[in-house]
Amino acid sequence: MTVIAEPELLDSTALADPFRPQLARIASVTRETSDTVTISTELPATGSLPQFVPGQFSMLYAYGAGEVPISISGDPGNPDRLDYTIRSVGAVTTALITRKVGDYVAMRGPFGTSWPMEAAAGEDVLLVAGGIGLAPLRPVIYHILRHRSEYGRLVILYGARSPKELLFRKELSGWSKSPDTQVLTTVDYGEPSWRGYVGVVTKLFNFVSLRPERTITMMCGPEIMMRFGIRGLQGRKFPDDRIYLSMERNMKCAVGFCGHCQMGPYFICKDGPVFTYGQMRHWMGDLREL
Amino acid sequence: MDQRGYEVLGPTIHDSAISYGPIHAIEDLPEGWTSEQGPGSYRLKRRTDGALFGYATGPKSLKNFLHPSEIKLFTAERTNGTFRILSNDGLAPRRAFLGVRACELAAAGVQDRVLIEDRFKDPIYSQRRAGSIVIAVNCSDPSSVCFCTSMGTGPRAKAGYDLALTEVIDGGTHEFLVEVGSETGADLLAGTEYSEASEELRRKSDEVTARAERSIQRQFENAGVAELLKENFDHPRWDDVASRCLACGNCTMVCPTCFCVTVEDMSDVTGDHAERWRKWDSCFALGFSYIHYGSVRLSTKSRYRQWLTHKLSYWHDQFGESGCVGCGRCIAWCPAGIDLTEEVAALRAAAPAEKTNGGGE
Ligand code: SF4
Ligand code: SF4
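On a predicted model such as this, the values are computed, not experimentally measured, just so you know.

**Overview of the domain arrangement of chain B**
All names here are of chain B. Structurally, chain B comprises domain 1 (2-215) and domain 2 (225-349). The distance between the C-alpha centroids of domain 1 and domain 2 comes to 24 Å. Contacts between the two partners involve 44 residues from domain 1, matched on the other side by 39 residues from domain 2. Buried surface at the junction of domain 1 and domain 2, summed over both partners, amounts to about 3500 Å²; 59% is from carbon and sulfur atoms. The largest per-residue losses of area from domain 1 upon contact with domain 2 belong to Lys63, Val110 and Phe147, which jointly make up 16% of the total buried on that side. Applying the counting rule to domain 1 against domain 2 returns four salt bridges.

**As for the sheet that holds strand β7 (residues 95-100) of chain B**
Residue and element names in this part refer to chain B. On the basis of which strands lie adjacent, the open sheet formed by six strands has the order β2-β1-β7-β8-β9-β10 and mixed pairing. Whereas interior strands pair on both sides, the edge strands pair on one side only; in this sheet they are β2 (17-22) and β10 (173-180). When the angles between neighbouring strand axes are averaged without regard to direction, this sheet yields 25 degrees. Where β7 and strand β8 (residues 132-137) come together, five bridges link them in parallel fashion. Bridge pairing links arginine 95 to serine 132 in β8. Running at roughly 130 degrees to β7, helix α2 (residues 102-115) makes contact with β2, β7 and β8 of the sheet. Lying over the sheet, helix α5 (residues 183-190) contacts β8, β9 (163-170) and β10, oriented at roughly 140 degrees with respect to β10.

**Overview of the packing of helix α10 (residues 300-319) of chain B against helix α12 (residues 340-349) of chain B**
All names here are of chain B. Contact geometry for α10 and α12: axes closest at 12 Å, N-to-C directions at 90 degrees. Regarding the angle of α10 to α12, the classification is roughly perpendicular. On α12, the residues that touch Tyr304, Leu308 and Leu312 of α10 are Leu340, Glu343 and Val344. Taken together, the residues of the contact of α10 with α12 break down into five nonpolar, no polar and one charged.

**As for the confidence of the model for chain A**
Residues and elements named next belong to chain A. In this model, chain A carries a mean pLDDT of 89, and residues with pLDDT of at least 70 account for 92%. Of all helices and strands in chain A, the one with the weakest mean pLDDT is strand β6 (residues 104-111) (90), whereas strand β7 (residues 124-130) scores best (97). In the model, residues 1-15 has pLDDT below 50 throughout and makes 37 contacts with residues more than four positions away in sequence or in other chains.

**So, the domain arrangement of chain A**
Note: interface size is frequently given as the accessible area lost on complex formation between the parts. Residue and element names in this part refer to chain A. Domain parsing of chain A yields domain 1 (19-111) and domain 2 (124-246). Listed by partner, the interface residues are 18 residues for domain 1 and 16 residues for domain 2. Summed over both sides, the interface of domain 1 with domain 2 buries roughly 1200 Å², with 58% coming from carbon and sulfur. In this structure, the connection of domain 1 to domain 2 is made through one salt bridge.

**Brief notes about the interface of chain A and chain B**
Counting from both sides, the interface comprises 56 residues of chain A and, opposite them, 78 residues of chain B. Applying the counting rule to chain A against chain B returns two salt bridges. Across the salt bridge formed by A:Glu67 and B:Arg276, the nearest N and O atoms sit 2.8 Å from each other. Taken together, the links from chain A to chain B amount to 23 residue pairs in polar contact (both at pLDDT 80 or more). Broken down by element, the residue count for the side of chain A that touches chain B peaks at four residues, all from β6(A). A class-by-class count of the residues in the side of chain A that touches chain B yields 29 nonpolar, 12 polar and 15 charged.

**A short note on the packing of aromatic side chains**
Counted by the stated rule, this structure contains 25 aromatic pairs over all chains. Note on A:Phe57 and A:Phe111: the rings are 5.9 Å apart at their centroids and 45 degrees apart in plane angle, and the pair reads as tilted. Residue A:Phe57 is located in strand β3 (residues 57-62), and its partner A:Phe111 is located in strand β6; the two are separated by 54 residues in the primary sequence. Comparing A:Phe57 with A:Phe111 shows no difference in burial state: the two are buried. Between B:Tyr304 and B:Trp307, the aromatic rings sit 5.9 Å apart at their centres with planes inclined by 65 degrees, giving edge-to-face as the arrangement.

**Quick word on the site of ligand 2**
Looking at ligand 2, the residues that line it are B:Cys245, B:Leu246, B:Ala247, B:Cys248, B:Gly249, B:Asn250, B:Cys251, B:Phe284, B:Tyr304, B:Cys334, B:Pro335 and B:Ile338. Residue composition of the shell around ligand 2, grouped by class: 10 nonpolar, two polar and no charged.

**Observations regarding the site of ligand 1**
Residues and elements named next belong to chain B. In the vicinity of ligand 1, 13 residues are found, and the nearest of them are Cys255, Cys324, Cys327, Gly328 and Cys330. Breaking the shell around ligand 1 down by element, the ones donating at least two residues are α10 and α11 (329-332). When its residues are assigned to classes, the shell around ligand 1 shows nine nonpolar, two polar and two charged.

Conventions adopted
Along every chain, residues carry numbers that run from 1 in the direction the sequence is written. Chain letters and ligand numbers both follow the written order, the letters beginning at A and the numbers at 1. Only residues with pLDDT of at least 70 are given local features in this predicted model, and only at 80 or more are side-chain atom pairs given and counted; all residues enter the totals for whole chains, interfaces and linings. Derived side-chain values reflect all non-hydrogen atoms in the structure, with water molecules and hydrogen atoms excluded from consideration. What fixes the domain bounds is an automatic or database domain assignment. In what follows, a contact means two residues having at least one pair of non-hydrogen atoms within 4.5 Å. Once two parts are put together, the accessible area they lose, assessed with a 1.4 Å probe and summed over both, is termed the buried area. By salt bridge we mean one thing: a side-chain nitrogen of Lys or Arg within 4 Å of a carboxyl oxygen of Asp or Glu. Pairing between strands requires that DSSP locate at least two bridges from one strand to the other. Helix and strand definitions here come from DSSP, where helices need a minimum of 4 consecutive H or I residues and strands a minimum of 2 consecutive E residues; each element is numbered from the N-terminal end. Structural elements are reduced to axes, namely lines fitted to C-alpha atoms, with helices fitted over the stretch in contact, and the angle between N-to-C directions of any two is expressed from 0 to 180 degrees. Every angle not falling under 35 degrees, over 145, or within 65 to 115 is termed oblique; those three ranges are roughly parallel, roughly antiparallel and roughly perpendicular. Lys, Arg, Asp and Glu make up the charged group, whereas Ala, Val, Leu, Ile, Met, Phe, Trp, Tyr, Cys and Pro make up the nonpolar group; the residues left over, Gly among them, are polar. Residue-level confidence of the predictor, termed pLDDT, takes values from 0 up to 100. Two N or O atoms count as a polar contact when they lie within 3.5 Å, although within protein this holds only if one can serve as hydrogen donor and the other as acceptor, and sequence-adjacent residues are included solely when both atoms are side-chain atoms. Aromatic contacts are taken between Phe, Tyr and Trp rings whose centres are within 6.5 Å, Trp giving its six-membered ring; a plane angle under 30 degrees counts as stacked, one over 60 as edge-to-face, and the others as tilted. For every residue, the accessible area obtained with a 1.4 Å probe (protein chains only) is divided by the maximum for its type, and the residue is called buried under 20%, exposed over 50%, and partly exposed between those limits. Nearness of a residue to a molecule or strand requires only that one of the residue's heavy atoms be within 4 Å of it.

Following this line, the structure appears as structure tokens:
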């Protein structure tokens, strides 16, 4: 009897396993707001942290609780740390934000596309963020401030529900003192001591002067905020393909197998999360439940 | 096969249907049975000619074995303040599949494209796929839900098999034409008793296929479907189908190309042992599109539309082909008897003049 050739790849160790996370140690924990925490992670001993580009995310695993996609919010110029700013919205995120220095989480990634750092070189940059949406944009700010001469004006428009819910408060005021940088914050509900703007973030468009043809916009926040933001920008003649959005959908694998983040011709995990508005027009239009 | 370390899975009767089960001897095959299928119905029926493979596809496909409905991704163990992730290094089962239909081969090709040939490679699927032997049997008795001819996937297997058989029953003779599709297939054949096929047997085998082709009544106009769906996101037909659809997800479970999964995490009572499992999921489930402020697709209408537009339209953008191979399973196993060929025909017949621009490139 002829022997059939051994099928290849029968041993799973012969294959890189995209489902297997690696451990990362929590090196520091910073409380941002009542429900939001930034954890800074490092790989134990021998491992080296994967490089990331602004806009990317990782899948963070809290032992026994589960795994969620979290944007990287740290400085791309500091390769020793991966920072994640996490708002507690469910069991896994709650488990993640209650971890202490020295605890371990596990991560897969970084995954996904980058904010348009190259396209933005030499241009003015407008960042529009709502709530936790400032976290995925923070690496952009770090990068621009580190390479200040390579970019034009930097305008940061940031909205949160209340003053207490503003992220990175100290940094915001630091950034506003950087050269050629303007930071405007607004809240939905003010407080007696609040001196800033009250109202939706898109109202802030009225208080900055921008050159639509020379500006790259990067927007991140709740979809409803981004819809209004796009409308506001279009009214001011910002070209569709210079507006970039970070999209959010349910995600279970981050490698294009789970199907949860499929959106038309895209998988948000592989083809996004950063898209041009031109690519997202259909999903940000009048049709709902897409 | 057993001696070579392969478990043989082929057509067996269980749960009142013909689907893959262990085959040890020829008696395990559904001799003298066929299936009668229609929208929302599947019934076994007797036939008198003693055919071993005289039925059309049942609820299970290769997907059930290559892309298992539940599988452990890893085990984690907690030890003094930290934990470790243990890989899942069990060997993938080596299986020989007997009675694989042409549409199923096409469906496995569609899953290959998604799970092996894209940017990432699913190790679970890849190992099972590489460790499989496929013995196809060309269809002689398609059912009323089959439309492989419209999708160009059947009824005769063209490629992707190790061996392909055609069962030829003519008066008193009962023979099989064997075609070899791979070296593995040639090796297998060499280990059996066979004789060179006569011209007549070849001709009769072609007739089996021609008869099968003629018996397929269901038509599906595949050309232009991708664009049709994109242009009709707000067509009233979606409300119509939503009023019938139960959002049960059966169609996605039986579909041999649907690949969506979710993951579940658990830990034991001590908390020292945790596991992560991957399970089939369905875009018809409310939680499928859940993000922290709620589900994106709340209505049944939006979920049916999501399924059909992905399968028949955006699949082309993502993978360069249709996500449908025309097997008809979603029609037969839908409790409401919803028939995608009919839904698409209705969209086509009454495409409103005012069109919504579809998404994507
Ligand atoms: S969509 Fe229906 S007919 Fe098409 S491959 Fe899936 S189950 Fe078969
Ligand atoms: S189309 Fe049929 S099988 Fe699919 S979810 Fe609706 S009722 Fe269930």
